[in-house]
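Listed below, chain by chain, are the residues.
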Protein chains: 2
Amino acid sequence: MEMQKYSELSKAEQRSEYDALLAQYNKYKEQNLKLDISRGKPNSDQLDISLPLLSEARPREKCFSENGVDCRNYGVLDGIPEMKRLFADMLGIKEEYIAVGGNSSLQLMYDTISRALLFGVLGSERPWIKEDARKWICVTPGYDRHFKMTELFGFELLSVKMTPTGPDMDEVERLVKDPTVKGMWCVPKYSNPTGNTYSDETVRRLAKMECGAPDFRIIWDNAYAVHDLGEEGDELLDIFTEAEKYGNLDRIFYFTSTSKITFPGAGVAMMAASPANLKQISQFLGVQTIGYDKLNQLRHTAYFADKEAVHEHMMTLARFIGKKFEITLNSLSALEGLGIAEWTSPRGGYFVSLDVMPGTAKRVYTLMKDAGVTLTEVGATFPYGIDPEDKNLRIAPTYPSDTDLAVATEILVVAVKLAALEKLLAK
Amino acid sequence: MEMQKYSELSKAEQRSEYDALLAQYNKYKEQNLKLDISRGKPNSDQLDISLPLLSEARPREKCFSENGVDCRNYGVLDGIPEMKRLFADMLGIKEEYIAVGGNSSLQLMYDTISRALLFGVLGSERPWIKEDARKWICVTPGYDRHFKMTELFGFELLSVKMTPTGPDMDEVERLVKDPTVKGMWCVPKYSNPTGNTYSDETVRRLAKMECGAPDFRIIWDNAYAVHDLGEEGDELLDIFTEAEKYGNLDRIFYFTSTSKITFPGAGVAMMAASPANLKQISQFLGVQTIGYDKLNQLRHTAYFADKEAVHEHMMTLARFIGKKFEITLNSLSALEGLGIAEWTSPRGGYFVSLDVMPGTAKRVYTLMKDAGVTLTEVGATFPYGIDPEDKNLRIAPTYPSDTDLAVATEILVVAVKLAALEKLLAK
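Every value quoted in this text rests on a predicted model; they were computed, and no experiment measured them.

Let's talk about the relation of the copies chain B and chain A
Okay, so step 1: Take chain B, turn it by 180°, move it 0.0 Å along the axis, and it overlays chain A with an RMSD of 0.0 Å. Here the copies are linked by what is in effect a two-fold axis. If distances are taken from each C-alpha of chain B to the rotation axis, the shortest is found for Ala 57 of chain B, at 2.8 Å.
Okay, so step 2: When you check the interface residues of chain B against chain A, 100% turn up at the interface there too, and the contact is symmetric in its surfaces.

Following this line, the structure appears as structure tokens:
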């Protein structure tokens, strides 16, 4: 049956639909549910898939890297060779660009920007903290933790809209002419939360664009680099290759981790950058730490021989996660044709981005909360936590069980409809 | 036989002694040795003692903390309860003071000072970076990595001499009256490299002293808290208890790690501070990271039930490390009575501090280097890498095998004598 748009219904029809939905909503409410679709976090069943990493005892002879380093001991600031090779292979970038870190790429990004503030980066005239004004580009909707970090560090956050091919590049090119704009957050593949991947042209324009600041940096958070939901994943152009063509290799600070490949709390993170950038950073890194956990690097390289092994593992995860997306999209399909919502069907990553009727996202959040379902806070996907249109909701389907997720997303559909009707009826 | 002081020998006797030593030295040189007594680093045989930590497979049911957190997943910024309890038990401090970190306490100290620079600490009038002048107290000889860190962060380093009971407290009390003095490095037990422990009076005076800066901080790096070489270890007064008595609880930033209990590269580090300090820090920590590796915390708490288990383990290590100190002190005894050297016989820690004839430490370093033995660089134990008297050498006996250590320290004795005689003969 073809659905009729809510806005085209008569007031009486809207009222009757509203009453029916409210009855449905109240039934859910009576169940005293406690569900959470707020964070892009695997659940314990998904994590079991990576248990083979922890299944082996490690006698002395298994504690050495291929070049003979005792991984139990101090030393090796930038990672053991086999871990660098695995990342290089997985990401299609050069081994010499890679510096392996601890368990958190977010921590590496924080360190990187905090170092830039205190000491500057290659090409800086002074430490960033000494700049009177400093600004940062945020693609919206985007990743809340990114935005909070640059806010904490005192950058003025500039919003640029996400389009199906990536950030609105005309706007980005215009903004970066300002020499006080020091950097930009990018999640180029299966972007958080929209799930789209930057087009080749977008990557090229980012690599090529003329920046006012000589020390402008793109934080290329390729968190979902290999996180396809099926054999046919999105293809992302290699930004290093492009940046090198235009003489802008030093512009790129590239990050990823195995957090959503193996264990979110006990994976391996990395930063990749030009050899010149890495050299500039190394003078500080040697003072900062005695080296990251190399035994955990060994656990990963013992389990993943090469990128094919990673791919096989990701396809096992995809069957598990794909089910979650299917359940979510299946629930959301009840909103089709009503003219009150749009959403994404990503081919990878961890999120579905749902745009509801403008001015109703907060109301949906409250309705959900009252029914016992936690959503990502409205506005979180925008700088300063403010969604100017009050319409974007980020759905993170991976944490609940399939059954709980089905219930949570069914309630979500009811809440989206209710909020829209409330607004229409109030007119 | 009673040795005669070198300075009391006739020139001819000095010359003859020199010639005999030179012949001995040249024989060592011919062996093309490659030995290293430069870093306080366990060797692989010592690390084998902690292998039981890695000997168990970890099925799903062993991945949860006692309060039900899946340690493979994101979350828990300040550590799982059993790890906090273990540190509290080991150190005799309150659990609620503890925030567990990653594998490196040095990284936690770097983070702490870098945060203070960017945001200030509790009681700061402004971020430390905005202070026109900032100074830091360094007890000398001391830990090279500490000094380098505050140098990198742009502090003016103020030297205070180590005495047998800890830093020269009269001098410390005088210096901290200056409001631009923001902090002080302390390794209060088995200090690096002198091996002595702060007396109760020293701890009390540090806790009590009047500081010009309202946000003055003591970095209490209790790296060798349980690292006794025998059942009779040094006792260190609890600084938190003392600081609280005088209303200065917030003055203390306390650090330690299991690096030299289990694995230097894969241990667990922690910071301890007053609840008010931890609260101030937590607002930044949540932006900085998604949490440290909790599986590694579980590995440690599974192996160490309580402080008695840690103590038993440390006594096993002590038998291993004690042998290294014995060999070193046995070699050094050949310097007794010559009036050209003094050294420490610590009851714990990782170092022997050797003071040679003033003005000859660099020469000893070069002689050793030419004979294939790496010593800690001369001056490293002083701010800016400059030993004003050119006399202190830090001996780190743990890394070489017993045989290699015996050879290295025998050559050291020859080199110390040679350098002293060169100086005396040149007069």
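There is more to say after this.
Re empty space enclosed by the protein
Where empty space is left becomes clear once a probe the size of a water molecule has been rolled over the atoms.
Okay, so step 1: Under the criterion given, the structure shown has eight cavities of 30 Å³ or more.
Okay, so step 2: Approximately 350 Å³ is the volume found for the largest cavity.
Okay, so step 3: Lining the largest cavity are 26 residues, and of these Gly 102 and Asn 103 of chain A together with Gly 102, Asn 103 and Tyr 292 of chain B sit closest to its centre.
Okay, so step 4: Listing elements by their share of the lining of the largest cavity, those giving two or more residues are α4 (105-119) and α10 (294-303) of chain A together with α4 (105-119) and α10 (294-303) of chain B.
Okay, so step 5: Considering every element that reaches the lining of the largest cavity, the biggest residue donor is α4 of chain B, with three residues.

So, the environment of Thr 374 of chain B
Residues and elements named next belong to chain B.
Okay, so step 1: Following the sequence through the fold, Thr 374 ends up in strand β12 (residues 373-375).
Okay, so step 2: Here the alpha-carbon distance between Thr 374 and Ser 38, two residues 336 residues apart in the chain, equals 5.9 Å.
Okay, so step 3: In contact with Thr 374, not counting residues within four places along its chain, are Leu 35, Asp 36, Ile 37 and Ser 38.

Thoughts on the nonpolar core
Okay, so step 1: Among the nonpolar cores identified, the biggest contains 221 residues, and Leu 206 and Leu 354 of chain A together with Leu 206 of chain B are the most heavily contacted of them.
Okay, so step 2: When neighbours within four sequence positions are excluded, Leu 206 of chain B is seen to be in contact with Met 169, Val 172, Met 184, Cys 186, Tyr 198, Ile 218, Trp 220, Ile 239 and Arg 251 of chain B.
Okay, so step 3: With 70 residues, the next largest nonpolar core counts Tyr 74 and Met 271 of chain A together with Trp 185 and Leu 285 of chain B among its residues.

Section: helix α1 (residues 11-30) of chain A
All names here are of chain A.
Okay, so step 1: A rise of 1.5 Å per residue sets the reference length of α1, with its 20 residues, at 28 Å; its end C-alpha atoms lie 28 Å apart and thus fit the reference within 8%.
Okay, so step 2: Within α1 the residues assigned to the buried category are Gln 14, Tyr 18, Leu 21, Tyr 25 and Tyr 28. End-on view of α1: buried residues confined to an arc of 75°, all on one side of the axis. Every exposed residue of α1 that faces more than 90 degrees away from the buried side is listed here: Ala 12, Lys 27 and Glu 30.

Topic: the packing of helix α3 (residues 81-91) of chain B against α10 of chain B
All names here are of chain B.
Okay, so step 1: Their axes nearest at 9 Å, the elements α3 and α10 cross at an angle of 55°. As far as their axial angle goes, α10 and α3 are oblique. Between α3 and α10 lies a crossing of left-handed hand. Judged by residue contacts, Glu 82, Met 83 and Leu 86 of α3 engage Gln 297, Leu 298, His 300 and Thr 301 from α10.

Basis of the calculations
- Residues numbered from 1 in each chain as written.
- Chains lettered and ligands numbered in written order.
- Predicted model: local features only at pLDDT ≥ 70, side-chain atom pairs only at ≥ 80, totals over all residues.
- Heavy atoms only, no water.
- Least-squares fit on C-alpha atoms with pLDDT ≥ 70 in both.
- Contact = heavy atoms within 4.5 Å.
- 1 Å grid on protein atoms, 1.4 Å probe; cavity = no way out; pocket = protein on both sides within 12 Å on 5 of 7 lines; lining within 4 Å.
- Points joined across faces, edges and corners; volume = space filled by probe spheres on them.
- Helix = DSSP H or I, 4+ residues; strand = E, 2+ residues; numbered from the N terminus.
- Core = buried A, V, L, I, M, F, W, Y, C linked by side-chain atoms within 4.5 Å.
- Buried < 20%, exposed > 50% of the residue type's maximum accessible area, 1.4 Å probe, protein only.
- Expected span 1.5 Å × (residues − 1).
- Arc of directions from axis to C-beta.
- Axes fitted to C-alpha atoms, helices over the stretch in contact; angles between N-to-C directions.
- Parallel < 35°, antiparallel > 145°, perpendicular 65-115°, else oblique.
- Left-handed = near helix turned anticlockwise from the far one by under 90°.

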